[in-house]
Amino acid sequence: MSLRDKHIVVLGGAGFLGSHLVDRVLNDGAVRVTAIDDLSTGRVRNLEAAQRDPRFAFIRHDITSPIPHSGPVDVVFNLASPASPKDYESRWLETMRVGSIGTQHGLELAHAREAVFVQASTSEVYGDPLEHPQQESYAGNVDPTSPRSVYDEAKRYGEALVSAFGRKKKLSTRIARIFNTYGPRMRLDDGRVVPQFIAQALSGDDFTVQGDGSQTRSFCFVTDLIDGLVKLAAAEVFLPVNLGNPQELTVLELANAVKRAAGGGSGQIVFRELPTGDPKRRRPDISRAQSLLGWSPRVSLSDGLATTLESFRAA
Ligand code: UDP
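Described in the following lines is the structure provided in the data block. (Residues numbered from 1 in each chain as written. Predicted model: local features only at pLDDT ≥ 70, side-chain atom pairs only at ≥ 80, totals over all residues. Heavy atoms only, no water.)

This next bit is on the overall build of the protein chain. Of regular secondary structure, the protein chain possesses 10 helices and 13 strands. At 19 Å, the protein chain has a C-alpha radius of gyration in line with the 20 Å of a compact globule built from 315 residues. A principal-axis box enclosing the C-alpha atoms of the protein chain has dimensions of 55 × 45 × 40 Å. Relative to its 315 residues, the protein chain shows a buried fraction of 54%. Long-range contacts, defined as pairs at least 24 residues apart, comprise 81% of the intrachain contacts of the protein chain with a sequence gap of at least 6. Accessible surface, the protein chain as shown: approximately 13300 Å² in total, 50% of it carbon and sulfur. The averaged location of the 37 negative side-chain charges in the protein chain is 3 Å from the averaged location of its 37 positive side-chain charges. (Helix = DSSP H or I, 4+ residues; strand = E, 2+ residues; numbered from the N terminus. Rg over C-alpha atoms; globule rule 2.2 N^0.38 Å. Buried < 20%, exposed > 50% of the residue type's maximum accessible area, 1.4 Å probe, protein only. Contact = heavy atoms within 4.5 Å. Areas by Shrake-Rupley, 256 points an atom, 1.4 Å probe, with all protein chains shown as cover. Lys, Arg positive; Asp, Glu negative; His and termini not counted. Charge placed at Lys NZ, Arg CZ, Asp CG, Glu CD.)

We now examine the site of the ligand. Contacts to the ligand come from 17 residues, most closely from Arg148, Thr208, Gln210, Arg217 and Asp278. A distance of 2.6 Å is found between a nitrogen atom of the ligand and a backbone nitrogen or oxygen belonging to Thr208. In the environment of the ligand, an oxygen atom lies 2.6 Å from a nitrogen or oxygen atom belonging to the side chain of Asp278. Contact with the protein chains removes 94% of the 520 Å² of surface that the ligand exposes when unbound. Only helix H6 (193–203) and strand S8 (207–210) provide two or more residues apiece to the shell around the ligand. (Near = heavy atom within 4 Å. Polar contact = N/O pair within 3.5 Å; in protein donor to acceptor, adjacent residues only side chain to side chain.)

Another point: the nonpolar core. With 62 residues, the main nonpolar core has Ile8, Val22, Phe77, Leu243 and Leu293 as its most contacted residues. Ranked by residue count, the leading element in this core is helix H7 (residues 222–234), at 7 residues. Excluding residues within four positions of it along the chain, Leu243 makes contact with Ala176, Arg177, Ile178, Phe179, Leu225, Gly228, Leu229, Ala289, Leu293 and Trp295. (Core = buried A, V, L, I, M, F, W, Y, C linked by side-chain atoms within 4.5 Å.)

Before going further, it helps to spend a moment on unusual backbone geometry. The step from His132 to Pro133 runs through a cis peptide bond, and the omega angle for that step is -10°. Along the chain, the position of Pro133 falls in the loop between strand S5 (116–122) and helix H5 (149–169). Non-glycine residue Asp5 carries a positive phi angle of around 60°. Along the polypeptide, Asp5 turns up in the segment before strand S1 (7–11). Phi is positive for Leu39, close to 60°, though the residue is something other than glycine. In this structure, Leu39 sits in the loop between strand S2 (32–37) and helix H2 (48–51).

Evaluated as defined, the whole model comprises 1 cavity of 30 Å³ or more. Here the largest cavity is characterised by a volume of approximately 30 Å³. Here the lining of the largest cavity is built from residues that sort into 3 nonpolar, 6 polar and 1 charged. (1 Å grid on protein atoms, 1.4 Å probe; cavity = no way out; pocket = protein on both sides within 12 Å on 5 of 7 lines; lining within 4 Å. Points joined across faces, edges and corners; volume = space filled by probe spheres on them. Nonpolar A, V, L, I, M, F, W, Y, C, P; charged D, E, K, R; others polar.)

Attention now moves to H6. Where H6 is concerned, the buried positions are Val194, Pro195, Phe197, Ile198, Gln200 and Ala201. Gly204, located one to two residues past H6, shows a positive phi value of around 75°.

Once that is clear, we can look at the environment of Thr64. Counting through the fold element by element, Thr64 comes out in the loop between strand S3 (56–60) and strand S4 (75–78). Accessibility expressed as a relative area gives 14% for Thr64, which makes it buried. When neighbours within four sequence positions are excluded, Thr64 is seen to be in contact with Arg97, Val98, Ile101, Gly102 and His105. Within the structure, the side chain of Thr64 is placed 2.9 Å from the side chain of Asp62, a separation counted as a polar contact.

Using the criterion set out here, one finds 5 aromatic pairs in the structure. The interplanar angle of 20° and the centroid separation of 6.0 Å between the aromatic rings of Tyr126 and Tyr138 together place this pair among those described as stacked. Here Tyr126 is found in the loop between S5 and H5, whereas its partner Tyr138 is found in the loop between S5 and H5, with 12 residues between them in sequence. Classification of Tyr126 by relative accessible area gives buried; the value is 1%. Each ring, one from Tyr126 and one from Phe179, has its centre 6.1 Å from the other, and the planes form 40°; the classification is tilted. With Tyr126 in the loop between S5 and H5 and Phe179 in the loop between strand S6 (173–178) and strand S7 (181–182), this pair connects stretches of sequence that are 53 residues apart. These aromatic residues form a ring-pair network of at least three members: Tyr126, Tyr138 and Phe179. (Phe/Tyr/Trp six-rings, centres within 6.5 Å; stacked < 30°, edge-to-face > 60°.)

Honestly, it's all geometry; don't read function into it.
This is the structure in structure tokens:
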């Protein structure tokens, strides 16, 4: 299936990933693109370019209420959720509701329109993983009562719901397990480590490393991630697929990489308390995406950080 000439609905379309997806499918020749977002963490200004395109429409709506729709829909992407630990811990009930009832409403829309449904899931379904790197067959190590569980368990429930709609209602579904992603349009204050370190580099503040900085993450540049999502939507792959960049580094290494990319700066590295439940290691095994989608990330960390820094400087 190609996304050309299709009507694409993006739930969470004003967010970081959602808005990049909107731009990409418009660029690829979608006939109509509708972004639905309640603007709780998304921003209209992310859709500035899309708003100039007559094929694009924005609907402000909270998908925990049934989703208004008219006419045919070919693909529904569900990217609606707070996604940074800071956002989902402050919006804890909204996060659980959008991941559960919101996902159900998205699935009902796809079912009513016989559309493909693509769920943005997360590496957080693996929790603090005991298997490394993480393959899709790993069932995870989530503490159901930790502060992160509001997001992790909502996303795990979302996967269960998507899988059940696929089995019971013969809906054509996809599940992307998205690992740490960064790039232009992240909010500088969303608390995630890349925008946080960039904000600190730009203002000359100290870099706040949580814990001793030995915990690892693997960071994927946004254009690569969106490419993976589009390829997944177009493929007949019903199993969950990891999407992320397997280049793993410690948080301390990331702080130094951002410092270098920003040209040094006056900030020092300072250490703060590690939040409860912060996973120790995370790296995707992307062999499934490579073999079934022909996808691998292409943008290096230094190029991705340079582009991101430039966009934040210009903002
Ligand atoms: N982190 C940090 N300093 C910050 C923000 C985050 O050291 O100012 C760490 C955080 O403790 C975690 C990693 O960076 O180990 C990634 O955090 P983020 O919130 O970006 O995403 P996560 O992968 O934890 O969901």
